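Reading the structure
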Amino acid sequence: MIQCILILLFTFSSSFTHQKTENTTTDYFAKERTRVIRLAEEYAKEKPITVTAESSTRSAGGIHDFYSEGDYWWPDPANPDGPYIQRDGLTNPENFTAHREAMIRFSQISGALASAYLVTKDDKYVKALAPHLKAWFIDEATRMNPNLLYAQAIKGKVSGRGIGIIDTIHLMEVAKAIQAVEGSEVIPASEIQQMKDWFSEYLTWITTHPYGIDERDHGNNHSVCWAMQAAVFAKLVGNQEVLDYCKEMYKTVLLPDQMAEDGSFPLELKRTKPYGYSLFTLDAMATLCQVYAEDEENLFSYQSPTGKSLAKGISFLFPYVEIKNTWPYQKDVMYWDKWPVRHSFLLFGGMAYQNEKYLALWNTLDADFDTPEVIRNMPVRFPLLWLSDTEKASMGNSTLTTAASTKIIAAGLVKYSDFGAKGDGKTDDIVAISATHEFANKHKLKVKADDDATYYISGKDQPVIIQTDTDFAQAKFIIDDREVENRNASVFLVSSSLKPFKPEGITSLKRNQQKIDITLPSPSLITVTNSKEMKYIRYGLNQNNGAPQTDIFLVDKEGNVDGNAPIIWDFDQITEITALPIDEKLLTIKGGIFTTLANLEESKYNYYSRNISIQRSNVLIESLEHRIIGEGDHGAPYNGFINISKAAFVTVKNTILTGHKTFSTIGAAGKPVTMGTYDIIVNRSLNVSFINCKQTNDIDDSTYWGIMGSNYSKNLLFDKCTLSRFDAHMGVANATIRNSTLGHMGINAIGTGTFTVENSEIRGRSLINLRSDYGSTWEGKLIIRDCTFVPNGGKTYSASLINGSNSGQHDFGYTCYMPEQIIIENLKIDDSNHPEEYQGPAIFGNFNSERKDDSYEEKYPYVLTKEVVLKNVTTLSGKELRVSENEVMFEGVKVEQE
């Protein structure tokens, strides 16, 4: 069933100039959501039509060149075969318009399909859009050349003109469509990049070619439209220089030169179609401002030294849109009766200035029109594509008065009820919660849940962005996963206002390299990848072809690598590198009783990430509780309710979590396999600690999967925890478990560095299991001190301390090592419940049952432990500790007993 989203909430911004006096629950996008789905269904089966489909004999360009003709140029009656003459405002119906029509069609299809994807998250709309994008920008046979050398030609005068650049305003919603669907991953990233490359090349052309310069400096609506589309294209391709230029152009050229003191546009009023051109120019200005809606310097609030502003322009024109017959100027010579329609200045201005009159009028006007002149001058036809992240996060069912906002800001604290959250356990509060945090982030306020509230959170795809201290207190949160729009969307995303960036000049790295040649603005978390080299080529029921070589490490501003989290690989080349600045100030999230209503999907590897995602460094989570109810006989697995990724210095303290029920599916090897499903995930993170954490269900109950998993992380800590599992997965280095109790899945590890277990009770099948699916490798040292080992949670079992498996016949992408040194001090082995013929616990399990004598050959050698140091190891069975059942394999290991 198609799920509709996007209920508009207008939050207060300190830059807004209009005071809101009444709350509203009007959903201004209700009709739009229905409209885009209807249009998308109509367009889904349409085939691409590009500039190569038709051509004109009057064009001086080739088949891939866009061609159009000046609208107001006609044959000269006195010289029919000679150069055309101008009749301003009167469109020549015999002009060549096929390319313009194809581009408008392309824009319409792109806008509808991308908007429908935003509403429904249904990939089918992206799949329908992809062929059109490829045809226009990628396919050699049909693509358009990225220039407008032959636009707005005039027979007998010019083969093209700078003012023809106005024709590509209809590519703006194509650019917005690409942005909207990029995250779906339906279109390969390489093809998305090719599309962006096209726009980047076109942007360069319109900003450097004489035609582009002419259009920029033309004056009237042409200059506004040049800046509008240049800014949109620059936003798509990340060209900050052009974005800065267009913003400055608005402030220093467009407003001063084109707007009168009363908010009118004199250059348009003197035209033969003053009404239509005034509407068009104001739409373009408002759209240009919308590009910068999330900037700290908001163009909607900008006012020139003489008082000119977008607000004044809308105030001038609005009465004549509301009551057209009051227009005091000349009527348009053509199409007077076709205006107004659903103009973007009413929407963007209504949102920016919290003016419901503008929004209400916008909502009543026609969104679908068929007059070519109106279509030509209405590039914004799909408003959902234009909403800023702030506006998306602000969609809900309440607003604030200016007075209320001022009071909240002064208090330094905002509550969910301030933005209309009901907290009754039934009303969907996600949009109000999202709006609360958006407001808090903007004004750097703390957030507190309302006491005794129960917030119901539906399956809407609307992550709540947290960037300030948050106290969930004793409030309850019900997260309903039974029907969701996007299972990959976090419910709460703890993020940084610091932006990642791509360091330059680093092409290779060496293991344990102490300094890299780089200067940074602040200490940063560095992630590097070499996609040309694969590691962790998994073996077993979930075998795969591996993952690109990846590492993470910390550097200071001078490029010194933190020695506690060293580089663990040699990188002969680097295909991707990202620096994430470290937040200096601690962000605290505390309290909250969360209950997930479990998903009802088939038992397949469709991981759910409906969670609290920590993607910021220096975070403390404290006194949080999470439970799961409604897990039945089947379900999709979970990717951690506490999901820590791309972060450093994160502590989870005094927190209660819940293990998920274990479900089975068919693995990559075509055989049944139990699926990992987690309430804790740590991924690409450093210095992550869990202190005094426990889980609600029995840690020895094997019907629930182990609670924790981790990848590409360093310096992990469990302290005073009672949990069913510790897991060090791909790329982990250094881990410590102390003062803790671990249940039925015990300790599972592969990695490097030092692994320390002290003053803890381990109740797994082995003391430490070196994961066989990744080669049972730990390149470093194991230290076990002052611990108790209860094999298999006290069930009948033959005990071994270190377990794993490696036949030496599989290439994991790296050399596999057993810990070089194992130190075990003061270990008590509770093996009293053992099977008959039990010979006593073994230091090592049988890692390779096929290795029965010295003739066994390993294709990929497995490097064994050099030394085991034992001190005060006792057994309740009274049996002596053995080296291994496989005496041949471990005969060379030195064992010292003190």
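Note that this is a predicted model, so its numbers are computed, not measured. (Residues numbered from 1 in each chain as written. Predicted model: local features only at pLDDT ≥ 70, side-chain atom pairs only at ≥ 80, totals over all residues. Heavy atoms only, no water.)

**Things to note about the side chain of His 437**
Filter applied, for reference: By definition, any uninterrupted DSSP run of H or I lasting at least four residues is a helix, any uninterrupted run of E lasting at least two residues is a strand, and each is numbered from the N terminus. Contact definition: two residues touch when any of their heavy atoms are within 4.5 Å.
In this structure, His 437 sits in helix α17 (residues 430-443). With near-sequence residues (within four places) excluded, His 437 lies in contact with Tyr 416, Val 447, Val 464, Ile 465, Ile 466 and Thr 470.

**Overview of the nonpolar core**
Formally: For our purposes a nonpolar core is just a set of buried Ala, Val, Leu, Ile, Met, Phe, Trp, Tyr and Cys residues, chained together by side-chain atoms within 4.5 Å. Only protein chains enter the calculation, and the probe is 1.4 Å; a residue is then buried if its accessible area is under 20% of its type maximum, exposed if over 50%, and partly exposed in between.
Among the nonpolar cores identified, the biggest contains 125 residues, and Phe 137, Phe 199, Tyr 250 and Leu 310 are the most heavily contacted of them. Broken down by element, the residue count for this core peaks at twelve residues, all from helix α2 (residues 98-120). Filtering out sequence-adjacent residues up to four positions away, Leu 310 remains in contact with Tyr 250, Leu 282, Met 285, Ala 286, Cys 289, Phe 300 and Tyr 353. Listed in part, the 119 residues of the second largest apolar core include Leu 520, Leu 624, Val 688 and Leu 767.

**Quick word on the environment of Pro 340**
Mapping Pro 340 onto the fold places it in the loop between α11 (310-322) and α12 (344-352). As a C-alpha pair, Pro 340 and Gly 276 span 64 residues in sequence and 8.0 Å in three-dimensional space. Filtering out sequence-adjacent residues up to four positions away, Pro 340 remains in contact with Tyr 275, Leu 279, Val 321, Lys 324 and Leu 365.

**Re the pattern of salt bridges**
Pairing is possible between side chains of opposite charge, provided their charged atoms come close. Where we set the bar: Any carboxyl oxygen of Asp or Glu that lies within 4 Å of a side-chain nitrogen of Lys or Arg is treated as forming a salt bridge with it.
Taken as a whole and judged by the stated rule, the model has 43 salt bridges. In this structure, Asp 700 engages Arg 763 in a salt bridge whose closest nitrogen and oxygen atoms are separated by 2.8 Å. In this pair, Asp 700 sits in the loop between β24 (694-695) and β25 (708-711) while Arg 763 sits in the loop between β31 (761-762) and β32 (766-770), placing the two residues 63 residues apart along the sequence. Note on Asp 700: relative accessible area 17%, which makes it buried. Take Arg 763: its relative accessible area is 17%, and that puts it in the buried class. Residue Glu 761 pairs with Arg 763 through a salt bridge whose shortest N-O separation is 2.8 Å. When its relative accessible area of 25% is taken as the criterion, Glu 761 is described as partly exposed. Here the salt bridges do not stand alone but share partners, grouping Glu 32, Arg 35, Arg 38, Glu 42, Arg 342 and Asp 368 into one network.

**Here's the deal with the pairing of strand β18 (residues 625-629)**
Operational definition: Two strands are counted as paired when DSSP detects at least two bridges linking them.
Judged by which residues are buried, β18 turns out to be one-sided: His 626 and Ile 628 face inward and are buried, whereas Glu 625, Arg 627 and Ile 629, on the alternate face, are not. Examined bridge by bridge, strand β15 (residues 587-597) and β18 share five bridges and lie parallel to one another. Bridge pairing in β18 places Phe 594 opposite His 626.

**Re the sheet that holds strand β13 (residues 547-555)**
Stated formally: Between N-to-C directions, angles cover 0 to 180 degrees, with each direction set by a line fitted to C-alpha atoms, over the stretch in contact for helices.
Spatially, three strands are ordered β13-β12-β14 in an open sheet, and the strand pairing comes out antiparallel. Sheet topology places β13 and β14 (576-581) at the edges, where each strand pairs with a single neighbour. On average, adjacent strands in this sheet sit at an angle of 20 degrees to one another, irrespective of strand direction. Inspection of the sheet shows strand β12 (residues 524-535) paired to β13 by nine bridges, in the antiparallel sense. The residue bridging Met 534 from the neighbouring strand is Pro 548, located in β13.

**Describing α17**
The condition is simple: Here the expected span of a helix is defined as 1.5 Å times the quantity of residues minus one.
An ideal rise of 1.5 Å per residue puts 20 Å on 14 residues; α17 measures up with 20 Å between its terminal C-alpha atoms. Of all 14 residues in α17, 13 are buried; the element is thus mostly enclosed. Lys 444 sits one or two positions beyond α17 and adopts a positive phi of about 55 degrees.

**Brief notes about the packing of aromatic side chains**
Cut-off, in case you're wondering: Only Phe, Tyr and Trp rings take part, Trp by its six-membered ring, and two of them pair if their centres are within 6.5 Å. Stacked means planes under 30 degrees apart, edge-to-face means over 60, and tilted covers everything else.
Scanning all chains against the criterion turns up 46 aromatic pairs. Ring geometry for Tyr 320 against Trp 327: centres 5.5 Å apart, planes inclined by 85 degrees, an arrangement best described as edge-to-face. Each member of the pair Tyr 320 and Trp 327 is classed as buried. Within the aromatic cluster, the residues linked to one another by ring pairs are Phe 106, Trp 136, Phe 137, Trp 198, Phe 199, Tyr 202, Trp 205, Tyr 211 and Phe 233.

**Some thoughts on the confidence of the model for the protein chain**
Convention followed: One confidence number per residue, pLDDT, is output by the predictor and ranges from 0 to 100.
Of all residues in the protein chain, 95% attain a pLDDT of 70 or more, and the chain-wide mean is 91. Low confidence marks residues 1-26, where pLDDT is under 50. Its contacts with residues over four positions away, or in another chain, come to 96 contacts.

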